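The primary structure of each chain is shown beneath.
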Amino acid sequence: MLNYQQAVSKIITFAKPKIIQISISESLHYITAENLYSKKSNPSFDNSLLDGYAAKSSDIKKNKKLTIIGKLSAGENKKIPYKKNACFQVATGCPVQKPYDCMIPYEQVDREGKFILCKKSIQPYENIRKAGSDYKKKSLILRKGSKISASQLLAAKTLGISKVKVFAKPTVILFCSGDEISDNPNLNNKTINGISEYFNSFKEQYNYNFIYLGIVKDKAKDLKKIYNALKKNKKENVIFVSTGGVSMGHKDFIPSMLTKYNYKIIFHRMNMKPGRPTLFARKNSSFYFGLPGNPISTIVGFHFLIMPLVLKLQNIQFKWKMGILNTNQIKNKKMSLFLRGSAINKKINILPGQDSYKISTLVKANCWVLLDQNKSLVKKGSNVKYINYEN
């Protein structure tokens, strides 16, 4: 039986990232498949920092008069020819073309009809936003493999990028099984299912599309919905996920369904707790995970089996942090054990209440801890793997 590391290594070997080209406006949270370089400088031309008068710095001295020879409004690109001891009125952001090389704010002059009287001398390029002072043309904006943030999207568009090559988003399609569960939070005689909301809440963080097909009962109508989803799927990098499957009908249904549509079962059961009965199958670039129905078992499968695949499909490696265990922890030495913990300055405490039905521990935790040592006792002070949780 595979241990956790063997299982996840097997899963990600099947990942083949797909590169697509999309509009920069639609690229938020995508992973870049190329370096992005500026197509223009920013600012793209010398321009006025404030409202006032553009002039040549060598013409300006304290108490000297300059003749106003024109006016340039925001958005205008007309060129005003240079005249010695002259200036022209400008708004913020207006181009200032050589030999004009500075700008005098209104507050630093007295106006007398068609003249201004300078209160002080001005240095070259004072109050001028110089072309390329922020980004120069062909400057690197983003490296390949970067997740595009809102500020980076703004920068890329500002710097002339209209299209970008990115890794395509995987699609996660979830259905939950079991006659004992319901999506209706008002029922008292059912186990309320919150897994769809949980999966959906991470779709922007990990950059995947999410579709929820609902709860599947032991009825031909419900089972047909799943058959059709598998049968009709022609897309690449689609990950089907089922949870539960306690009844005999579901136990027979899932393997036979996978076989019928030519999915190869890679493993069914692994030395991992919680999540031992997990099933993984694939067909070309479509994947199937059958996860246990207890919420914590499902969540462990989501974070530590499905998400490494989602990331790898976008050319990203799943990464662990290293911390120090604060207490002794007993385990089956052959079993990979996932525990909810509290991490403070990389010191890891394992929380009480690790049963796979207990969500209160999930709420209290701020990290997941992996104990995969081939030992029955992991001692206090041992190095352990962990990841921060959303709390």
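Above: the structure in question.
Only a predicted model underlies this, so the values are computations on that prediction, with no experimental measurement involved. (Residues numbered from 1 in each chain as written. Predicted model: local features only at pLDDT ≥ 70, side-chain atom pairs only at ≥ 80, totals over all residues. Heavy atoms only, no water.)

Draft legend 1. Main features of the overall build of the chain. Counting its regular elements, the chain contains 8 helices and 29 strands. Compactness check: the chain gives a C-alpha radius of gyration of 31 Å against a globular reference of 21 Å for 391 residues, more than 25% above the reference. Over its C-alpha atoms, taken along the principal directions, the chain stretches across nearly 95 × 50 × 45 Å. Counting all 391 residues of the chain, 46% fall into the buried class. Put simply, 70% of the contacts in the chain that link residues at least 6 apart link residues at least 24 apart. (Helix = DSSP H or I, 4+ residues; strand = E, 2+ residues; numbered from the N terminus. Rg over C-alpha atoms; globule rule 2.2 N^0.38 Å. Buried < 20%, exposed > 50% of the residue type's maximum accessible area, 1.4 Å probe, protein only. Contact = heavy atoms within 4.5 Å.)

Draft legend 2. Fine view of the nonpolar core. Among the nonpolar cores identified, the biggest contains 48 residues, and Y4, F199, Y208, I239, F289 and W368 are the most heavily contacted of them. If you tally residues by element for this core, the top one is helix α7 (residues 295-312), at 11 residues. If you look at the next biggest cluster of nonpolar residues, it comprises 15 residues, including I173, V216, V238 and F240. (Core = buried A, V, L, I, M, F, W, Y, C linked by side-chain atoms within 4.5 Å.)

Draft legend 3. Structural detail: the layout of surface pockets. By volume, the second largest pocket is sized at about 400 Å³. Forming the walls of the second largest pocket are 20 residues, and the residues nearest its centre are Q205, Y206, L311, F318 and K319. Looking at the lining of the second largest pocket, the elements with two or more residues in it are α4 (203-206), α7 and β29 (383-388). Here the lining of the second largest pocket is built from residues that sort into 8 nonpolar, 8 polar and 4 charged. (1 Å grid on protein atoms, 1.4 Å probe; cavity = no way out; pocket = protein on both sides within 12 Å on 5 of 7 lines; lining within 4 Å. Points joined across faces, edges and corners; volume = space filled by probe spheres on them. Nonpolar A, V, L, I, M, F, W, Y, C, P; charged D, E, K, R; others polar.)

Draft legend 4. Main features of the pattern of salt bridges. Using the criterion set out here, one finds 7 salt bridges in the structure. A salt bridge links K120 to E126; the nearest nitrogen and oxygen atoms lie 3.9 Å apart. Accessibility expressed as a relative area gives 23% for E126, which makes it partly exposed. Between K385 and D372 there is a salt bridge; the shortest N-O distance is 3.1 Å. One end of the pair, K385, is in strand β29; the other, D372, is in the loop between β27 (367-371) and β28 (377-378), with 13 residues separating them in the sequence. Among the residues examined, K385 registers a relative accessible area of 24% and is labelled partly exposed. The partly exposed category is assigned to D372, whose relative accessible area is 32%. (Salt bridge = Lys/Arg side-chain N within 4 Å of Asp/Glu carboxyl O.)

Draft legend 5. The arrangement of the sheet that holds strand β10 (residues 115-118) in detail. As summarised here, the arrangement of the 6 strands in space is β8-β5-β7-β6-β10-β9, forming an open sheet in which the pairing is mixed. Only two strands of the sheet have a single neighbouring strand rather than two, namely β8 (102-105) and β9 (109-112). Here the average twist between neighbouring strands, direction ignored, is 40°. (Pairing = 2+ DSSP bridges. Axes fitted to C-alpha atoms, helices over the stretch in contact; angles between N-to-C directions.)

Draft legend 6. Structural context of the side chain of S196. By secondary structure assignment, the location of S196 is in helix α3 (residues 195-201). Given the relative accessible area of 6%, S196 is considered buried. Side-chain polar atoms of S196 contact the side chain of E197, separated by 2.9 Å. If we ignore the near neighbours within four places in the chain, the residues touching S196 are L174, F210 and Y212. (Polar contact = N/O pair within 3.5 Å; in protein donor to acceptor, adjacent residues only side chain to side chain.)

Draft legend 7. How the structure looks around the packing of aromatic side chains. Enumeration over the complete set of coordinates arrives at 22 aromatic pairs. On the basis of an interplanar angle of 35° and a centroid distance of 5.7 Å, the ring pair of F267 and F280 is categorised as tilted. One end of the pair, F267, is in strand β19 (residues 264-268); the other, F280, is in strand β21 (residues 279-283), with 13 residues separating them in the sequence. Across this residue pair, the class does not change: F267 and F280 are buried. Over the ring of F115 we find K65, and its NZ or CZ is 5.7 Å from the ring centre. (Phe/Tyr/Trp six-rings, centres within 6.5 Å; stacked < 30°, edge-to-face > 60°. Lys NZ or Arg CZ within 6 Å of the ring centre and 35° of its normal.)

Draft legend 8. The environment of N345, seen in detail. Among the secondary structure elements, N345 is positioned in the loop between β25 (336-344) and β26 (347-350). Judged by relative accessible area, which is 73%, N345 ranks as exposed.

Draft legend 9. Region of the structure containing helix α1 (residues 4-13). Those residues of α1 not exposed but buried are Y4, A7, V8 and I11. Seen end-on, α1 carries its buried residues on one side only, within an arc spanning 90°. Where α1 starts, the residue carrying a side-chain oxygen 3.2 Å from the main-chain nitrogen of Q5 turns out to be N3. (Arc of directions from axis to C-beta.)

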